[in-house]
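Structure assessment
Chain by chain, the residues:
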Amino acid sequence: MSSSVIIDLYKKLPKESFELLIHNLSVREYLKDIWRYYELTGNLEYLKEFDGIFEELFRFFFRPFEIVMFNERVIRSIIPIQEILFGREIVDAYTDFLESLISHMRLTFQLFSEPISSPKLPVDKFLDDWRDLLKKFEVGGGILLRDYPFALPENAKSYLLDCFSYWKDFVESYESYKKLIRNTYNRAVEKLLELSRSPGFGSFEKFMESFQDALSGEFDSLLRSEEYLELQGKLMNTLFDHIYCLRRFLELLIENNPASPFATVSQIDEAYKRILDLKRKVSELENRIEKLEVEICSRKSEK
Amino acid sequence: MLEKIREVNVKPWTCDFEVVHEDWLFKLLHFKGERKHRIPLLFVYAFINRPYILDLHEDVSVVRKLIKEGVDVWMVDWGYPKRADRFLKIEDYIDYIDFCVELIRKECKVESLTIHGYCLGSTLATIYAALHPEKVKNLVIQTPPLNFDTENALALWAKHIDPQRITRAVGNVSGEMLNIAFLLIDPIRLVLGKYQGLIDNLEDPRFLKEFYSMDFWIFDSPAVAGNVFEEYIDRWYHKNEIMNGKYTVGGKVVDLNRITMPVLALYAEKDHITPPSAVLPFFEKIPSKDKKAMSVDKGHIGLTVSKSSHAKLWNEAIKWIVERSD
């Protein structure tokens, strides 16, 4: 496979279609390896290639959940972490150190880049003046950093705590979900191994067919089982509740900042809702006018 | 090995049409062709996926077949809902069907027309027919979900989710989310079997064209507007309101006893999305005296695009429509 063909297909095909094709090419390689082993030994056992197939088949379904798991990092980047909140002296000392280092570096750079006595260009002069101007407004951020929990708007704190709580439940449900899928896959492989003992497969095509049948049988039952339905429901609820609470938390931060130039999704939604309601009213009025016009016309013709 | 896929050229739609009306998101299409029968036909497609499955390629185009028989074909295109459409209601979809019907009645100078619903479009078409039976000459329902109290995986999943919690978080339900859900319903056949079959046929240009015509369509998934998703899951799947006679549109009850016009039901025996049990109880319940059910031993999409369906079922179905179009 040349890389130019792969890139062309990535551009051309629907993204799901491309991904499933690529995963299935790998699955085919794993299946061939397993088949070669079976042909050579006349026996089939749990080979590491089965793990590879599982990864290739289910990455597609697990990835969306794993993307959400990164939310935790997003939250941490917004909220100062405990260590920073309580390690004030270390932070202060480190800040002093960084400031001296930056000043030292700036001076060194200046010494090497141009003679000290040479006149500055207007652009450099302006940038220096601008920096000096901004320095006048600099304040220490340490206190605000430590006070952060007190600064949160009223409802934001509830959304933040709920967001953490749903996230924890979501991660737990996701781990159980992955385990359930994995166990089902393992059961299917066990069935395949049993089949390999008697009556065997005969050909690679027959082996592939048996593998698919074993998987289909197990997954058909799993996906309709009460255990799966309950777990999937919990996974979905905690996932979407987490997303909602995180969004509302971020929205409240923005909405409570009088200098924020951004409208939030909830505010825009409200506008969309009103526009659609007005559109319905306009169309209702148009219909009534049309009916009245017809009525007037028919009355006129009666006269 | 994959070079031949690069050469595949997939273009949706094979028949010419004109967009006769646009209402922000929704469109009314009119196909070009010679009108030999008085009664026009309006396709009401689902609000999931795109309507060109009915005109996917020349060999399996239902639209082309109808035009060839002289039927005047119109179609509603529900478009790609955006965040701005989050608060659309199913009622808005029904209103737009009525707008289209009125426009076609005036344009074609007829009292009523044939309404042909596909999948969830059948649900909309049936609701419309029950509310305005005088404007519906014939009702055709293709793979229709009408009885939502079924035991297939999709129905069981729908009964176990809380749509409000999803929509309050994400607004609309995106096409990507729907794609993953539809694949996960039958992962081994749709993710493994189907693509292993593709790998076995990478050198066959005809296979590749048909495969990718389908795959482009399958993954061309519009989002479902948030409110519509809530109604769809809650009122149809959770409460089965249409079958129970409790579904209302703009305060009017959707009474299935008003489905007295000729009805043709097309369903697939191996349909894992709308199994036969999603239509047969409805079919038995409606009072229409001229009703017929036809089935094929295929799946949800196979009914529309398989060559065997076109060789048999579609010829009979179109004959049924044509016989009632004058």
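Use the structure listed above.
The present account deals with the structure reproduced in this document. Since the model is a prediction, treat every value here as computed from it, not as a measurement.

The rules we used
Residues numbered from 1 in each chain as written. Chains lettered and ligands numbered in written order. Predicted model: local features only at pLDDT ≥ 70, side-chain atom pairs only at ≥ 80, totals over all residues. Helix = DSSP H or I, 4+ residues; strand = E, 2+ residues; numbered from the N terminus. Buried ≥ 20, exposed ≤ 12 C-beta atoms within 10 Å, placed from the backbone. Contact = placed C-beta atoms within 7 Å. Pairing = 2+ DSSP bridges. Right-handed = clockwise from strand over helix to strand, strands pointing away. Axes fitted to C-alpha atoms, helices over the stretch in contact; angles between N-to-C directions. Parallel < 35°, antiparallel > 145°, perpendicular 65-115°, else oblique. Left-handed = near helix turned anticlockwise from the far one by under 90°. Nonpolar A, V, L, I, M, F, W, Y, C, P; charged D, E, K, R; others polar.

Here we look at the overall build of chain B
When you go through chain B residue by residue, the secondary structure sums to 14 helices and 10 strands. In terms of its C-alpha atoms, chain B occupies a principal-axis envelope of roughly 60 × 50 × 40 Å. The buried share among the 326 residues of chain B stands at 49%. Sequence separation of at least 24 residues holds for 80% of the intrachain contacts in chain B that already meet a minimum separation of 6.

Some points on the pairing of strand β3 (residues 41-44) of chain B
Residue and element names in this part refer to chain B. Neither face of β3 is open: one carries Leu41 and Phe43, the other Leu42 and Val44, and all of them are buried. Two elements, β3 and strand β4 (residues 73-77), share four bridges in a ladder whose sense is parallel. Counted as the bridge partner of Phe43 is Met75 from β4. Following the chain from β3 across helix α2 (residues 62-68) to the adjacent parallel β4, one finds a crossover that is right-handed. One ladder, built from four bridges, connects β3 with strand β5 (residues 113-118); its direction is parallel. Among the inter-strand pairings, Leu41 is bridged to a residue of β5, identified as Thr114.

Let's talk about the packing of helix α3 (residues 48-69) of chain A against helix α9 (residues 154-197) of chain A
All names here are of chain A. In contact at an axis separation of 11 Å, α3 and α9 are set at 165° when each is read in the N-to-C sense. As summarised for this structure, α3 and α9 are arranged roughly antiparallel, according to the angle between their axes. Between α3 and α9 lies a crossing whose hand is right-handed. Two secondary-structure elements touch here, α3 through Phe50, Phe54, Phe58, Phe62, Phe65 and Met69 and α9 through Val171, Tyr174, Lys178, Ile181, Arg182, Tyr185 and Val189.

Thoughts on the interface of chain A and chain B
Contacts between the two partners involve 38 residues from chain A and, on the opposite side, 37 residues from chain B. Counting only elements with at least two residues in the side of chain A that touches chain B, the list comes to α1 (3-12), α2 (15-41), α3, α10 (204-224), α11 (226-255) and α12 (265-302) of chain A. Ranked by residues supplied to the side of chain A that touches chain B, first place goes to α11(A) with nine residues. Broken down by class, the residue content of the side of chain A that touches chain B amounts to 23 nonpolar, seven polar and eight charged.

Re the sheet that holds strand β10 (residues 291-296) of chain B
Residues and elements named next belong to chain B. Overall, mixed pairing links the eight strands, which are arranged β1-β2-β4-β3-β5-β6-β9-β10 in an open sheet. With partners counted over all chains shown, the strands left at the sheet margins are β1 (17-23) and β10, one partner each. For this sheet, the mean inter-axis angle between neighbouring strands, taken without regard to orientation, is 20°. Here helix α3 (residues 90-108) sits on the sheet and contacts β1, β2 (26-31), β3, β4 and β5; the angle it forms with β4, its principal contact strand, is near 155°.

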